Amino acid sequence: MKKLLALLLAIVFCLGVFVSCNDEVPSESSSSEKEKIIIKHFYNKQEIELDEQESTLVRSFLESGYEPGRLWDCPKTYTICFDGCSIEYEFEEGLLEDGYNSRGKVLSEDHREQLNAILKKHFGDSWNQVKFESQ
């Protein structure tokens with residue numbers, strides 16, 4: 001009797017495993033859906049969130065091509081926050097700087113123009129406002 005019960009339980013267990021094999025539902029927070037990008041204007045403290053299309057475009061500029069030790073001593077007008085990173089951006093020269101990891105890069109002219117157009121769209125007339133401290 002015990003053998004019959006053990007065999008029956010083993011069969012039920014195996015059927016349960018096979019039934020649940022193809023029942024996977026993709027999770028809501030899958031890796032294909034990345035966090036949106038937040039951009040903060042340093043001087044007027046305005047903050048915007050990019051839409052999905054803009055985030056995808058800007059992310060393609062930000063994710064690679066950095067050089068270690070490439071840091072600049074100029075003021076950065078924007079902070080671009082994505083995936084737990086904060087990248088400083090200077091719009092005139094297209095400089096991106098990740099101070100935490102001591103690396104930076106210069107955007108191509110085309111990428112700089114595209115990013116600056118997004119900034120102008122969201123920040124309006126203040127997009128290129130730079131405050132210089134009097135010395």
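Residues numbered from 1 in each chain as written. Predicted model: local features only at pLDDT ≥ 70, side-chain atom pairs only at ≥ 80, totals over all residues. Heavy atoms only, no water.

S.K.: A description of the overall build of the chain should follow, citing residues and the corresponding values.
M.R.: Helix and strand counts for the chain stand at 3 helices and 7 strands. Overall, the chain shows an N-to-C arrangement of helices and strands of α-β-β-α-β-β-β-β-β-α. The proportion of buried residues among the 135 residues of the chain is 29%. Put simply, of all contacts in the chain between residues at least 6 apart along the chain, 58% involve residues at least 24 apart. (Helix = DSSP H or I, 4+ residues; strand = E, 2+ residues; numbered from the N terminus. Buried < 20%, exposed > 50% of the residue type's maximum accessible area, 1.4 Å probe, protein only. Contact = heavy atoms within 4.5 Å.)

S.K.: Please set out the nonpolar core residue by residue, giving values where relevant.
M.R.: Counting residues in hydrophobic clusters, the biggest one holds 21 residues, and the most contacted among them are I39 and Y89. Listed by contribution, the elements that provide at least two residues to this core are α2 (52-62), β4 (78-82), β5 (85-90) and α3 (109-123). Considering every element that reaches this core, the biggest residue donor is α3, with 4 residues. (Core = buried A, V, L, I, M, F, W, Y, C linked by side-chain atoms within 4.5 Å.)

S.K.: Account for a nonpolar patch on the surface, naming residues and giving values.
M.R.: Residues L5, L8, L9 and V12 make up a contiguous nonpolar surface patch of roughly 410 Å² in combined accessible area. For L9, the location among the structural elements is in helix α1 (residues 2-20). (Patch = residues over 30% accessible without salt bridge, like charges linked within 9 Å, V, L, I, M, F, W, Y side chains within 5 Å. Areas by Shrake-Rupley, 256 points an atom, 1.4 Å probe, with all protein chains shown as cover. Salt bridge = Lys/Arg side-chain N within 4 Å of Asp/Glu carboxyl O.)

S.K.: So what's going on with the sheet that holds strand β1 (residues 38-41)? Which residues, and what values?
M.R.: What the 7 strands build is an open sheet, ordered β2-β1-β4-β5-β6-β7-β3; its pairing is antiparallel. On the outer flanks of this sheet lie β2 (47-49) and β3 (67-68), each paired with one strand and no other. Sheet topology places strand β6 (residues 95-98) next to strand β7 (residues 103-106); 4 bridges connect them, and they run antiparallel. Within the sheet, the bridge partner assigned to L96 lies in β7 and is K105. Of the strands in this sheet, β4, β6 and β7 touch α2, which is tilted by about 100 degrees from β4. (Pairing = 2+ DSSP bridges. Axes fitted to C-alpha atoms, helices over the stretch in contact; angles between N-to-C directions.)

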